[in-house]
Amino acid sequence: MKIKTVSSTYKSVMAMKKEERKKPLRPNPVFRTLLCVLSWPTLKKTHFRLEKIGMDRLKKKENALFLMNHSSFIDLKIASSILYPRPFNIICEADGFVGKEGLMRAIGCIPTHKFVSETVLVKDMMYAARNLKNSILLYPEASYSFDGTTPTPLPESLGKMVKLLKIPVVMIETFGAFHRDPLYNRLQLRKVDVSAKMEYLLSPDEINKMSVEDINALIAPHFSFDHYLWQKDNGIKIREDFRADGLSSVLYKCPHCLKEGDMESSGTTIKCTSCLKEWSLEEDGSLKAVEGEEYFTSIPSWSRWERREVEKEIDEGRYLVDVRVKILMERGTKAIYDIGNGRLTHSINGFRLTSDDNTLDFRRHPLDNYTVASDLYWYEKGDMISIGDTEKVFFCFPLEKCDVAAKVRMATEYIYKKVRREMKEGKIAK
């Protein structure tokens, strides 16, 4: 998958007239049907199965808020098939509109920017639900899991949104979708069966009686998962000889010599080029040391250790990511703009992005982001960290091998919680 990119400058992009926000549309029935039809060959190939729980409570013409865990690109194909012919709007990342705005609106997409507070999105969702009587498909995590277990934190505003919409809430949970196409594996598909569970969670009457906190507490467990535990429990074997390709983007720190950015992965192995320690990714999803100490026997356990290491760096005042980056910029739907190179830094004080020509100096406070939009192999361009606001979004691609996308995401989440806690305790000024 590619995205239209043109060269420009920061000043030129900011001088462009800002595009007006457009109201959501009722999905075109022709495109809705076409999307469903085009999805079925993939679902058939994966022997797709659907389990329904309590769905008799949802009337045929009643709209609902469908919450779905975000595993891979097959998610939309699943939703398009199991929700058909129900009309629904899809909350999706604004960069998906670049070069194809008309098509995206025709199939019912509503644009947003990941982890940027946008009150207009809530208004769009309310318009879609109340005026158009559409259902809404929302991926509240807003990002794929890197390690198959640690989800992006759910927004605290989710319960409030449910209260405002006043429509039933339904959960769609997928199984096998992550293993078929994990983000780190560079869009290489594995032969894995896929299934889903669709469960009615809340009626309007139940929502009305619950607090925002209670709604969040009810929804949260449905986004707690361990895909590798599921693989083990179901005896799933991944036999492809490329299953470890790209894994070093997630397992970036060597547990043997503690070096970062020196991990390399290809085929079925991941190794440290500094100390030469090597592991094999087995067919059952486990990790096995080629020789010597195992350290970790699974991707999630290695990733959890990396998270603890990042948190230790932050608590000890040692955490700093300072890296040269290529900067792409999104402002509107015409194109993504290559505005040159610069430097991205991240610390307890938040993000700072500067350009080599000194025209850009963009900052984000630690409390501006409860997590960050980092991605692997973004539009086949490379690993990326994205920051921005309601006016503009920047996509930063490290120019040196450092594998920081996963680390920065984990650090952002911990810094947000730490700064917020210390402000409440009066340890730091608001």
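Residue numbering note: each chain is counted from 1, following its sequence as written. For this predicted model, a pLDDT threshold of at least 70 governs which residues receive local features, and a threshold of 80 or more governs which side-chain atom pairs are given and counted, while totals over whole chains, interfaces and linings are taken from all residues. Note that the side-chain values use all heavy atoms of the structure and ignore hydrogens as well as water.

Asks: Would you mind showing me how to read the pairing of strand β5 (residues 109-112) here?
Replies: It is a general feature of regular strands that their side chains alternate between the two faces of the sheet. For the exposure calls, accessible area comes from a 1.4 Å probe over protein chains only, and a residue counts as buried if that area is under 20% of its type's maximum, exposed if over 50%, partly exposed in between. Secondary structure is summarised from DSSP: a helix means a run of H or I of at least four residues, a strand means a run of E of at least two, and numbering begins at the N terminus for each. Here β5 shows a buried face lined by Cys109 and Pro111 and a second buried face lined by Ile110 and Thr112. In terms of strand pairing, strand β4 (residues 88-93) meets β5 through 4 bridges, oriented parallel. In the sheet register, Cys92 faces β5, and the bridge partner there is Pro111. In terms of handedness, the path from β4 via helix α4 (residues 101-106) over to β5 forms a crossover that is right-handed. Strand pairing is assigned whenever DSSP detects at least two bridges linking the two strands. Crossover handedness is defined here as right-handed if the route from the first strand over the helix to the second strand goes clockwise, with the strands pointing away from the viewer.

Asks: Hey, could you run me through the sheet that holds strand β12 (residues 287-289) in this one?
Replies: Pairing is antiparallel in the open sheet, where 4 strands are placed in the order β9-β10-β11-β12. Only two strands of the sheet have a single partner each, and these edge strands are β9 (263-266) and β12. With direction set aside, neighbouring strand axes in the sheet form an average angle of 25 degrees. Where strand β10 (residues 269-272) and strand β11 (residues 278-281) come together, 3 bridges link them in antiparallel fashion. Helix axes are fitted to C-alpha atoms over the stretch in contact, other axes to C-alpha atoms as well, and angles between N-to-C directions run from 0 to 180 degrees.

Asks: Just checking my understanding: could you explain helix α5 (residues 119-130) for this structure?
Replies: Along an α-helix, residues three or four positions apart point the same way, because every turn accommodates 3.6 residues. One fewer than the residue count of a helix, multiplied by 1.5 Å, yields its expected span. Its 12 residues give α5 an end-to-end C-alpha distance of 17 Å, which sits within 8% of 16 Å, the value for a rise of 1.5 Å per residue. Every buried residue of α5 is listed here: Leu121, Asp124, Met125, Met126, Ala128 and Ala129. In the core, the buried residues of α5 are packed alongside β3 (65-68), β4, β5, β6 (135-138) and α6 (158-165). Contacts: residue pairs with any heavy atoms within 4.5 Å of one another.

Asks: Looking at this model, I keep getting lost on the pattern of salt bridges. Mind explaining?
Replies: A side chain of one charge can pair with a side chain of the opposite charge when the charged atoms of the two come close. Salt bridge, as used here: a side-chain nitrogen of Lys or Arg that lies within 4 Å of a carboxyl oxygen of Asp or Glu. A complete count under the given rule lists 26 salt bridges for this structure. In this structure, Lys312 and Glu309 form a salt bridge, with 3.2 Å as the shortest nitrogen-oxygen distance. Placement of both Lys312 and Glu309 in helix α11 (residues 299-315) is noted, with a separation of 3 residues, approximately one turn of the helix. The partner of Arg343 in a salt bridge is Asp322, and the shortest N-O contact between them spans 2.7 Å. Separated by 21 residues along the polypeptide, Arg343 in strand β14 (residues 336-347) and Asp322 in strand β13 (residues 321-330) bring together distant segments of the chain. The partly exposed category is assigned to Arg343, whose relative accessible area is 33%.

Asks: Teacher, can you tell me more about the nonpolar core here?
Replies: Within soluble globular proteins, side chains that are nonpolar generally end up buried alongside one another. The set of buried Ala, Val, Leu, Ile, Met, Phe, Trp, Tyr and Cys residues whose side-chain atoms join them within 4.5 Å is what this entry labels a nonpolar core. Judged by nonpolar contacts, the single largest core of 58 residues is most densely connected at Ile339, Leu344, Leu353 and Phe394. Apart from the residues lying within four places of it in its own chain, the contact partners of Phe394 are Tyr10, Ile327, Leu328, Met329, Ile339, Leu353, Leu360, Phe362, Ile385, Ser386 and Ile387. Membership of the second largest hydrophobic core comes to 28 residues, among which are Phe66, Ala79, Ile82 and Tyr200.

Asks: Explain the side chain of Thr174 here, please?
Replies: Tracing the sequence through the fold places Thr174 in strand β7 (residues 169-175). Residues adjacent in sequence count toward polar contacts only when both atoms are side-chain atoms; beyond that, a polar contact is any pair of N or O atoms within 3.5 Å, and within protein one must be able to donate a hydrogen and the other to accept it. Polar contacts involving the side chain of Thr174 include one to the side chain of Ser71, which spans 3.2 Å.

Asks: Please explain unusual backbone geometry as it appears in this structure.
Replies: One can expect most non-glycine residues to show negative phi and most peptide bonds to be in trans. The omega angle of the peptide bond from Tyr84 to Pro85 is 5 degrees, so this bond is cis rather than trans. Topologically, Pro85 is positioned in the loop between α3 (74-82) and β4. Here Arg186, not a glycine, exhibits a phi torsion of approximately 60 degrees, which is positive. Inspection of the secondary structure assignment puts Arg186 in the loop between α7 (177-180) and β8 (195-202). Judged by its relative accessible area of 25%, Arg186 is partly exposed. Of note, the phi angle at Tyr379 is positive, near 45 degrees, even though the residue is not glycine. You can see Tyr379 is positioned in the loop between β17 (373-375) and β18 (384-388). The exposure class assigned to Tyr379 is buried, which follows from its relative accessible area of 14%.

Asks: I tried to follow the pairing of strand β19 (residues 393-398) on my own but got confused; where do I start?
Replies: By the criterion of burial, β19 is predominantly enclosed, with 5 of the 6 residues buried. Here β13 runs beside β19; their pairing, made up of 6 bridges, is antiparallel. Directly across from Lys326, in β19, lies its bridge partner Phe397. Pairing geometry for β18 and β19, over 4 bridges, is antiparallel. Within β19, the position partnered with Ile387 by the bridge is Phe394. In this structure, the hairpin formed by β18 and β19 is closed by a connection of 4 residues.

Asks: Honestly, the packing of α11 against helix α12 (residues 405-424) in this entry has me stumped. Any pointers?
Replies: When two helices pack together, their arrangement is captured by the angle between the axes and the distance separating the axes. Two elements in contact, α11 and α12, have axes separated by 9 Å at closest approach and are oriented at 50 degrees. Classified by the interaxial angle, the pair formed by α11 and α12 is oblique. For the element pair α11 and α12, the recorded crossing hand is right-handed. Together, Ser303, Glu306, Arg307, Val310, Glu311, Glu313, Ile314 and Asp315 of α11 and Lys407, Met410, Ala411, Glu413, Tyr414, Ile415 and Lys418 of α12 make up the contact between the two elements. Classification used: nonpolar for Ala, Val, Leu, Ile, Met, Phe, Trp, Tyr, Cys and Pro, charged for Asp, Glu, Lys and Arg, polar for all others including Gly. In terms of residue class, the contact of α11 with α12 is made up of 6 nonpolar, 1 polar and 8 charged. For this classification, under 35 degrees means roughly parallel, over 145 means roughly antiparallel, 65 to 115 means roughly perpendicular, and everything else is oblique. If you view the pair so one helix is near and one far, a crossing is left-handed when the near helix is turned anticlockwise from the far one by less than a right angle, and right-handed when it is turned clockwise.

Asks: I tried to follow the sheet that holds β6 on my own but got confused; where do I start?
Replies: With mixed pairing, 7 strands are arranged side by side in an open sheet as β2-β8-β7-β3-β6-β4-β5. Only two strands of the sheet have a single neighbouring strand rather than two, namely β2 (49-53) and β5. With direction set aside, neighbouring strand axes in the sheet form an average angle of 20 degrees. Two elements, β2 and β8, share 5 bridges in a ladder whose sense is parallel. Looking at the pairing, Leu50 lines up with Ala196 of β8.

Asks: I'm lost on helix α2 (residues 29-45) in this one. Help?
Replies: For α2, spanning 17 residues, the distance from its first C-alpha to its last is 25 Å, which sits close to the expected 24 Å at 1.5 Å a residue. Fitting axes to the seven residues that end at a residue and to the seven that start at it, the angle between those axes gives the bend at that residue. The largest bend in α2 is about 30 degrees, located at Ser39, with the proline Pro41 one to four residues further on. Put simply, Asn28 is the residue that caps the front of α2, since its side-chain oxygen is 2.8 Å from the backbone nitrogen of Val30. Once α2 ends, the next one or two residues include His47, with phi positive near 55 degrees.

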